[in-house]
Amino acid sequence: MMDSTSLAYKKWMVVALLWGSHVITFIIRISLGVVAPTLITLYGISPTAMGFILSGMSWFYMASLLPIGFLVDRFGPFLVMGYGSIVWGLATIAFPLVTVGVFFFLMRGIFGAGHSMMIPGGAASLSHWIDRDQRAFAVGLTFAGGTMGLAIGAPTAAVLLDRFGWQWVFYGIGAASLVFSLAWFVLYPKERLGPPTVPEQKKRETQKDRVSWGALLRHRSTWGIALGQVGYLYGYFFFVTWLPGYLVMERNMTILRTGLVASLPFLTGMLATIGGGLLGDFLIRRGVNPTLARKAIIGSGLTGATIMIVAAAFAEETWLAVVLLTLCLGSLRLTTASSNSIPIDLAPPQAIASLTSI
């Protein structure tokens, strides 16, 4: 007989650990944005060169995604995510060891490669543990960890930079990341209680019938998901990489004030991420077609974000620019739960991580 209490505990432990993975990785992401103006001044790095350093994570992250999706589908999220978290933690600690731009780029890239298994691994975990009518909320909670990480990461990095020097931003946050790795290996449930959602025989059969990337790419929905993410992430990564530097260099804020102001859009984004997940599940429980519900939320959020970020670019007053950027990020994050639930909804069980990676 299934122990429903233990099952619920394990389900939400998975969500909590995935939430934690987003918190710690996005603290690491925003930390370089906070430190960037200091590195530019200390080491004569041009803003263009700093742009390449900031993008190092994305290049390695993108290159790693497709093979990581295959590895998650093959070996499961527990091992792939666990070892990935060790890689991204060590790369963060190593970042200050050599103070040249190429090394900064390389360490940021290794962080990105380690970080690349987080979303495919999370999708595979949630598809196994969370039912469809709770999925958007669970996805929203896990991705809210990212905006929480950005919200607390900016002031945390600013305080560490001000009190101890820029190197300790990465030493401290990297050490905290390795503590998360230990928690992942100790606390992640090793197996689900009770009967699986897919009968074992069918599960064995589907595991044998691997789905190729080519087969996934032949579907129009795959391209819709991927191109939608291109637009979403272009806007979102401005906030992750350049918002603190923008406030210092263009709006003339101090480092400490930047940390506090930069947290406002992310706090709003966290609430919008959870709210978007609750709204998506509510619409599905009320009988709205899941695909229609997800697409309506995504389209509305991206349209609102577009309007706000264009207006912010032309705002002369700093307070107005911050308000518009805050509303922009809130609109973007409203779409997060729905956009990251769609691959879980559409992919066959043995290819969820692969479709998510694409």
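Peer 1: Describe the overall build of the chain, listing the residues and the values that go with them.
Peer 2: Secondary structure summary: the chain contains 16 helices and zero strands in total. Compactness check: the chain gives a C-alpha radius of gyration of 20 Å against a globular reference of 21 Å for 358 residues, within 12% of the reference. Here the C-alpha coordinates of the chain stretch approximately 60 × 40 × 40 Å along the principal axes. Taken over 358 residues, the chain has a buried fraction of 52%. Of the contacts formed within the chain by residues at least 6 apart in sequence, a portion of 85% connects residues at least 24 apart. As displayed, the chain has an accessible area near 16,100 Å², and 69% of this comes from carbon and sulfur atoms. Side-chain charges of the chain comprise 24 positive and 14 negative groups, with the mean position of each set lying 3 Å from the other.

Peer 1: I'd love a proper account of helix α2 (residues 47-75), names of residues and values included.
Peer 2: The end-to-end C-alpha distance of α2, which contains 29 residues, comes to 41 Å, matching closely the 42 Å that a straight helix rising 1.5 Å per residue would cover. The sharpest bend along α2 measures roughly 45° and falls at Leu-65, with the proline Pro-67 sitting one to four residues further on. Immediately downstream of α2, the backbone of Gly-76 shows phi near 90°, a positive value.

Peer 1: Describe the pattern of salt bridges, and please don't skip the residues or the numbers.
Peer 2: As enumerated under the stated definition, the model contains two salt bridges in all. Here Asp-345 makes a salt bridge to Arg-135, at a shortest N to O gap of 3.0 Å. Here Asp-345 is found in helix α15 (residues 336-346), whereas its partner Arg-135 is found in helix α6 (residues 132-164), with 210 residues between them in sequence. For the pair shown, Asp-345 and Arg-135 are each scored as buried. The structure contains a network of salt bridges with shared partners spanning Arg-135, Arg-294 and Asp-345.

Peer 1: Would you mind going over the environment of Leu-160 in detail, with residue names and values included?
Peer 2: Looking at the secondary structure, you find Leu-160 in helix α6. Separated by 13 residues in the primary sequence, Leu-160 and Ile-173 have C-alpha atoms spaced 9.7 Å apart. Setting aside anything within four residues of it in sequence, one finds Leu-160 in contact with Gly-165, Trp-168 and Val-169.

Peer 1: An account of the environment of Val-186 is requested, with residue identities and associated values reported.
Peer 2: Mapping Val-186 onto the fold places it in helix α7 (residues 166-187). When the C-alpha atoms of Val-186 and Gly-20 are compared, they prove to be 14 Å apart, with 166 residues separating the residues in sequence.

Peer 1: So what's going on with the confidence of the model for the chain? Residues and values would help.
Peer 2: Overall, the prediction assigns the chain a mean pLDDT of 85, with 92% of residues at 70 or greater. The lowest-confidence element of the chain is helix α8 (residues 200-208), averaging 45 in pLDDT; the highest-confidence one is α7, averaging 95.

Peer 1: Requested: an account of helix α10 (residues 220-241), with residues and values cited.
Peer 2: If you check α10, its first and last C-alpha atoms are 31 Å apart, about what 22 residues at 1.5 Å a residue would give, namely 32 Å. Considering bend angle alone, the principal kink of α10 is centred on Leu-233 and spans about 25°.

Peer 1: Pulling in residues and values, what's your account of the packing of helix α5 (residues 118-129) against α6?
Peer 2: Close contact between α5 and α6 brings their axes to 11 Å; oriented N to C, the two are set at 145°. The two elements α5 and α6 cross, and the hand of that crossing is right-handed. Contact with α5, carried on its side by Ile-119, Leu-126 and Ser-127, involves Arg-135, Ala-138, Val-139, Thr-142 and Phe-143 of α6 and no other residues of that element. Broken down by class, the residue content of the contact of α5 with α6 amounts to five nonpolar, two polar and one charged.

Peer 1: So what's going on with the environment of Gln-167? Which residues, and what values?
Peer 2: Mapped onto the elements, Gln-167 comes out in helix α7. Taking the C-alpha atoms as reference points, Gln-167 and Val-35, 132 residues apart in sequence, are found 9.2 Å from one another. Not counting the four nearest positions on each side in its chain, Gln-167 is found in contact with Tyr-43 and Pro-96.

Peer 1: Let's hear about the packing of α2 against helix α4 (residues 101-115): which residues, and what values?
Peer 2: Relative to each other, α2 and α4 sit at 35°, their axes nearing to 7 Å. Once α2 is placed against α4, the crossing between them reads as right-handed. Between α2, through Phe-52, Ile-53, Gly-56, Met-57, Trp-59, Phe-60, Tyr-61 and Ser-64, and α4, the contact on the second element is made entirely by Gly-101, Phe-104, Phe-105, Leu-106, Arg-108, Gly-109, Ile-110, Phe-111, Gly-112, Ala-113 and His-115. When the residues that make up the contact of α2 with α4 are grouped by side-chain class, the tally is 12 nonpolar, six polar and one charged.

Rules and cut-offs
- Residues numbered from 1 in each chain as written.
- Predicted model: local features only at pLDDT ≥ 70, side-chain atom pairs only at ≥ 80, totals over all residues.
- Heavy atoms only, no water.
- Helix = DSSP H or I, 4+ residues; strand = E, 2+ residues; numbered from the N terminus.
- Rg over C-alpha atoms; globule rule 2.2 N^0.38 Å.
- Buried < 20%, exposed > 50% of the residue type's maximum accessible area, 1.4 Å probe, protein only.
- Contact = heavy atoms within 4.5 Å.
- Areas by Shrake-Rupley, 256 points an atom, 1.4 Å probe, with all protein chains shown as cover.
- Lys, Arg positive; Asp, Glu negative; His and termini not counted.
- Charge placed at Lys NZ, Arg CZ, Asp CG, Glu CD.
- Expected span 1.5 Å × (residues − 1).
- Bend = angle between axes of the 7 residues up to and from the residue.
- Salt bridge = Lys/Arg side-chain N within 4 Å of Asp/Glu carboxyl O.
- pLDDT = per-residue confidence, 0-100.
- Axes fitted to C-alpha atoms, helices over the stretch in contact; angles between N-to-C directions.
- Left-handed = near helix turned anticlockwise from the far one by under 90°.
- Nonpolar A, V, L, I, M, F, W, Y, C, P; charged D, E, K, R; others polar.

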